[in-house]
Amino acid sequence: MSIASAPPAAGSARDLTRRFLKDPGAVIALLVFAAFGVAGFGAPLIAPQNPYDLAQVDILDSLLEPGSESFTGMTYWLGTDGQGRDMLSAILYGIRISLVVGLASGLLALAFGTVVGLIAAYRRGWVDTLLMRIVDLQLSFPTILVALILLVILGRGVDKIIFALVVVQWAYFARTVRGVALVEGARDYVEAARGLRLGGFRILMGHILPNCLPTMLVVATMQMAMAISLEATLSFLGLGLPPTRPSLGLLIANGFDYLQSGRYWISVLPGLVLLAIIISVNVLGDRLRDVLNPRL
Amino acid sequence: MTEYIIRRVLQALLVLIVMTMLVFFGVNVIGNPVYIFASSECDQACLDAIITDLGLDQPIWRQYLTFVGNLVQGDMGRSFTHGVPALHLIFERLPATLELAFSALVLALAFGLPMGIYAGLRPYGWGAKLIMSFSMIAFSLPVFWIGIIMILTFSVQLGWMPSVGRGDTVDLGFVEVSFLTLDGLHHLAMPAFTLSLIMMAMVIRLARAGMREVMFTDYIKFARASGVPERRVLGAHALKNILIPIVTVLGMEFGGVIAFAVVVESIFSWPGVGKMLIDAIAVLDRPLIVAYLICVVFMFVTLNLLVDVLYSLLDPRIRLGGGKA
Amino acid sequence: MTPVLELRDLQTSFEMPEGTVHALRELSLSVSRGEILGLVGESGSGKSLTGFSINRLISPPGRVTKGEVRLHGRDILPLPDSEMRKLRGRKIAMIFQDPMMTLNPVLRIETQIRDVLLAHEKLSKSEVRARALAALDEVGIPAPEERLRVYPHQLSGGMRQRVAIAIALLHKPDLVIADEPTTALDVTIQGQILALVQRLCRDRGTALIWISHDLAVVAGLADRIAVMYAGRIVEEGPIDDILDAPAHPYTRGLIDSVPVPGQRGGRLRQIPGRMPALTDLPTGCAFAPRCARATENCAEVPQLMPFGEDRKVRCVHPLAAGEAA
């Protein structure tokens, strides 16, 4: 009998990939996101200048319109900001920071929330009740409020904003994972595994966890869009990242002061990039949910 | 019922205590406000004087007890920068924020309900698809970005809307409001709309989902089969059923709206508590920051409590008990 | 005398992406003043849909695609929606299966009665109240004044169904369509409701279509019976004649599967197999695959043919009196 070793798959991975790729919206979103990923993480290689190396930035070039040329003959395709930084380079570096913050906070929250959710589902009883009470309490507070309070307390910094984003996100994962794990735990193949006297940890890792993955993937994608958006908002308020590590949100904030004078590009261009990232991640999550059809 | 309310109140109190501790200790272990007041020539004696004056020489737990003691008496300390009681400043600025938030709430319902109901009645039409796309975009785009685009479009490019401040206000005796003057409304429109988008998206989703569910129920079929006019069927029989979850969620989210008001107020220079918070953070005006956070948490916890109690009052099945259905 | 309601060759179809599904076909029946017609069939046979086809309340994508619905001899199918609305509740009323679901949970009984009254009549507040009280009194609800103020969940199932009946009869309709109104009730309450509806309709000369899957319920109530199978009427006639000597094998099967009091121990006979889905009906007689008498002659859909006096049957091999299926 091989029941215990064969948890029901939602469909073969290849089959799901094919279904996902059939959807033009999903493919476009994936390509857009991948392009930004490459652009962001390759920023030091492809950016025309290092916008944070003061030696490369000339204050005389400040506030130039897109397409202008610098004194040294370099073209600022997307213009420059108030300090004379090349916007294209600043945006590329900004993408990198936004993505790093979004991914890191998402993964950490995913890991922490999954552990909590699995413990709750596995131990049941008062452990479950206590953990879920905490989750409920956490979820009852609006994310922006919690993040705001935390950052006011903690101050600025990449590590601090990641911490704040993990705090506001982990509860979603914990609740989702617990829900799926409870359902999966009641299934026949888990019963069969128990019958074979497999240890609780092995059942959890080998049987229940893999079946939580599709759901977690969808939640993680959606949460990442939220995290990127929230980070941008907090940075815009001057609460998130330090000025030395400008994410897209901070770039937009810097340009906001120049908006009234018609120098739209400093704010709008990083804003458009932010928009494209958030929408593509959202569409990705949406399509993933359709394809994987998790119990949300 | 009474037991439920008592339990709920105790729970809210516990949350409040935990949150005040978190806020107070958190804020007081970072930074040192002394240096804000000390001039560059200030020597150690001068510094000590300031420290004693601010009560910062006490152990942190005693500071907390003093803080809680004062809090209960409605004293949240003086703002370092303004030199007036922090609570006073908050009450001075709060009406502007509340006006903004309530205007946003009204807009969200006024636009969101009809859109959501329409999308629920014709879920497969292109109109519904358009509405749902709008809802998704309004929900996922950062609020500050929408605000910026509005300013760029309507203030900078078209010059139709003012982008700064509250405009003329009318003194109602106890509070000043903008929405009663034309100039005030003009100023209120963009920030209120920007702030309303997230709620609007939520109202649309809830109204659509509720409508789709309700329209298949027997009681709607029965009302129709009894000849009740369609307008009455939708406007009373269906609407009252979908309003319950919408009111609940909006009540729960109102704290979030106050928090998002920070963003909107910063962008539109709306003179509310949110803008004040950002200014206070910039100069580390701790009493003011703490007072703001305590007030918002207090408001949020109270609101949640109220919504829970109200919910049980709104739904006759819960209010009157014995609802087996 | 023209019958109150006459259906002629009615066809109701659903436009599905996979193609058109005809849920009702060649449906002809009539019911006269004061007459009670039992419409019997398994779930999915189209009996409930017949009710909704009559008052044109089928959920899209379904609609009546052929035939006539004659009310007092006038075809009401071509009427515009506004005219149709005026007939509902006033001329044709409906009662539904589950009294838990028929009344709106968030509206007081008074509101629900008032809305139906005002749907067709202009009445003052006091008139509404008087009519509402009279209606509740008529269906045997004690202390009607108190009941007006309550919400549905505060009433028992039987009381709720009485309220629903009171609402359906508010305008003294010419035709009442009752869709299994006793199925969800306790047996003792079932009897009371049956007697109540029977008395009210007889007293007022209201024509009644009683839809049920339960032959035993219909047997004690109806004057005539129409048996439906897979969207078609397979047998129709006076109730006693059909119960004594069913002509269609399906009717025979239905009767045989009703437990008879005093015949304990004997095996209940069942009809083998199940009703085919409307999406893949056999080309000929839909019952043929389950029928012991089926031959190659059943490969074509039989017509509803006169059978004896005042009876019709849709079968090429009708049963003689007393013959087993």
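Procedures and definitions
Residues numbered from 1 in each chain as written. Chains lettered and ligands numbered in written order. Predicted model: local features only at pLDDT ≥ 70, side-chain atom pairs only at ≥ 80, totals over all residues. Heavy atoms only, no water. Helix = DSSP H or I, 4+ residues; strand = E, 2+ residues; numbered from the N terminus. Contact = heavy atoms within 4.5 Å. Salt bridge = Lys/Arg side-chain N within 4 Å of Asp/Glu carboxyl O. Polar contact = N/O pair within 3.5 Å; in protein donor to acceptor, adjacent residues only side chain to side chain. Nonpolar A, V, L, I, M, F, W, Y, C, P; charged D, E, K, R; others polar. Axes fitted to C-alpha atoms, helices over the stretch in contact; angles between N-to-C directions. Parallel < 35°, antiparallel > 145°, perpendicular 65-115°, else oblique. Left-handed = near helix turned anticlockwise from the far one by under 90°. Buried < 20%, exposed > 50% of the residue type's maximum accessible area, 1.4 Å probe, protein only. UniProt positions renumbered as here; feature names shortened; annotations may be inferred. 1 Å grid on protein atoms, 1.4 Å probe; cavity = no way out; pocket = protein on both sides within 12 Å on 5 of 7 lines; lining within 4 Å. Points joined across faces, edges and corners; volume = space filled by probe spheres on them. Pairing = 2+ DSSP bridges.

Please provide a residue-by-residue account of the side chain of B:Ser135, values included.
The residue B:Ser135 is located in helix α6 (residues 126–140) in this model. Excluding residues that lie within four positions of it along the chain, B:Ser135 makes contacts with B:Ala201, B:Ile204 and B:Arg205.

Describe in detail the environment of B:Gly274, supporting the description with residues and values.
Residue and element names in this part refer to chain B. You can see Gly 274 is positioned in helix α11 (residues 273–282). As for Gly 274 and Ile 148, which are separated by 126 residues in sequence, their C-alpha atoms are 17 Å apart. The contacts of Gly 274, once residues within four sequence positions are left out, are Thr 97, Val 262, Glu 265 and Tyr 292.

Report on the interface of chain B and chain C, specifying residues and quantitative values.
In this assembly, 23 residues from chain B lie in contact with 29 residues from chain C. Our count for the contact surface shared by chain B and chain C stands at one salt bridge. Linking chain B to chain C there are ten residue pairs in polar contact (both at pLDDT 80 or more). A total of six residues in the side of chain B that touches chain C trace back to one element, the largest contributor, which is helix α9 (residues 218–225) of chain B. Grouping the constituent residues of the side of chain B that touches chain C by class yields nine nonpolar, seven polar and seven charged.

Got a sec to walk through the packing of α6(B) against helix α8 (residues 182–214) of chain B? Specific residues and values, please.
Residues and elements named next belong to chain B. For the pair α6 and α8, interaxial distance at closest approach is 8 Å and the crossing angle is 140 degrees. What the angle tells us is that α6 and α8 run oblique. As for the relative orientation of α6 and α8, their crossing is left-handed in sense. Contact with α6, carried on its side by Ile 131, Met 132, Phe 134, Ser 135, Met 136, Ala 138 and Phe 139, involves Leu 197, Ile 198, Met 200, Ala 201, Met 202, Ile 204, Arg 205 and Arg 208 of α8 and no other residues of that element.

Describe unusual backbone geometry, and please don't skip the residues or the numbers.
Residues and elements named next belong to chain C. Although it is not a glycine, His 72 adopts a positive phi angle of roughly 50 degrees. Checked against the element boundaries, His 72 lands in the loop between β4 (62–71) and β5 (74–75). Judged by relative accessible area, His 72 falls into the partly exposed class, the value being 41%. The residue Asp 310 is not glycine, and still its phi comes out positive at about 65 degrees.

Tell me about the UniProt feature "transmembrane region" (unreviewed entry) in chain B, residues and numbers included.
Residues and elements named next belong to chain B. Taking the numbering used here, the UniProt-annotated feature "transmembrane region" (unreviewed entry) corresponds to residues 12–31, 100–121, 133–156, 188–207, 242–268 and 288–314. Within residues 100–121, the helical portion is 100% and the strand portion 0%, while the C-alpha atoms at the span's ends are 31 Å from each other. Structurally, residues 133–156 comprises 92% helix and 0% strand, and the distance from its first C-alpha atom to its last is 27 Å.

Please give an account of the interface of chain B and chain A that cites residues and values.
Opposite the 36 residues of chain B that make contact, chain A presents 33 residues. Scanning the region where chain B abuts chain A turns up zero salt bridges. Joining chain B to chain A, the criterion identifies one residue pair in polar contact (both at pLDDT 80 or more). Mapped by element, the contributors of at least two residues to the side of chain B that touches chain A are α1 (2–29), α6, α7 (143–157), α10 (230–268), α11 and α12 (286–314) of chain B. No other element matches α10(B), which puts eight residues into the side of chain B that touches chain A. Within the side of chain B that touches chain A, the residues separate by chemical class into 29 nonpolar, seven polar and no charged.

Describe empty space enclosed by the protein, naming the residues involved and giving the relevant values.
Residues and elements named next belong to chain C. One pass over the full model with this rule turns up four cavities of 30 Å³ or more. Forming the boundary of the largest cavity are Tyr 229, Ala 230, Arg 232, Val 234, His 248, Cys 285, Ala 286, Phe 287, Val 301, Pro 302 and Arg 314. The residue makeup of the lining of the largest cavity, split by class, is eight nonpolar, one polar and two charged.

Now, about the sheet that holds strand β12 (residues 312–313) of chain C: what can you tell me, with residues and values included?
Ordered in space as β6-β7-β8-β3-β9-β10-β12-β11 (chain C), the eight strands form an open sheet in which the pairing is mixed. Looking at the sheet topology across the chains shown, the edges are occupied by β6 (92–95) and β11 (305–306) of chain C.

Run through the pairing of strand β9 (residues 224–229) of chain C, naming residues and quoting values.
Residue and element names in this part refer to chain C. For β9, a buried count of six out of six residues is recorded, marking the element as mostly surrounded by other parts of the structure. Here β9 shows two buried faces, one formed by Arg 224, Ala 226 and Met 228 and the other by Ile 225, Val 227 and Tyr 229. Examined bridge by bridge, strand β3 (residues 36–40) and β9 share four bridges and lie parallel to one another. When the sheet's bridge partners are listed, Leu 37 is paired in β9 with Arg 224. Where β9 lies against strand β10 (residues 232–238), six bridges are found, and the strand directions are antiparallel. Each residue of the ladder has a partner; that of Val 227, found in β10, is Glu 235. Following β9, the chain reverses through two residues before pairing antiparallel with β10; Ala 230 in that reversal takes a positive phi of roughly 50 degrees.

For the UniProt feature "domain: ABC transporter" (unreviewed entry) in chain C, give the residues involved together with the corresponding values.
Annotation from UniProt places "domain: ABC transporter" (unreviewed entry) at residues 5–255 of chain C. Secondary structure content for residues 5–255 of chain C is 39% helix and 28% strand, and the end C-alpha separation is 27 Å.

Tell me about the sheet that holds strand β1 (residues 5–16) of chain C, and please be specific about residues and values.
All names here are of chain C. The strand order across the open sheet built from four strands is β2-β1-β4-β5, with neighbouring strands paired in antiparallel fashion. On the outer flanks of this sheet lie β2 (19–31) and β5, each paired with one strand and no other. Of the strands in this sheet, β1, β2 and β4 touch helix α1 (residues 47–54), which is tilted by about 105 degrees from β1.

How would you explain the pattern of salt bridges if you had to name every residue and give the values?
Two side chains bearing opposite charge may form a pair once their charged atoms approach each other closely. All names here are of chain C. Applying the stated criterion across every chain yields a total of 26 salt bridges over all chains. Between Glu 110 and Arg 129 there is a salt bridge whose closest N-O contact spans 3.2 Å. Residue Glu 110 is located in helix α4 (residues 109–120), and its partner Arg 129 is located in helix α5 (residues 125–138); the two are separated by 19 residues in the primary sequence. Judged by its relative accessible area of 29%, Arg 129 falls in the partly exposed class. One salt bridge connects Arg 224 with Asp 310, and the closest N-O pair in it is separated by 3.2 Å. With Arg 224 in strand β9 and Asp 310 in the loop between β11 and β12, this residue pair connects regions lying 86 residues apart in the sequence. Linked through salt bridges whose partners overlap, the residues forming this network are Glu 6, Arg 8, Glu 68 and Arg 70.

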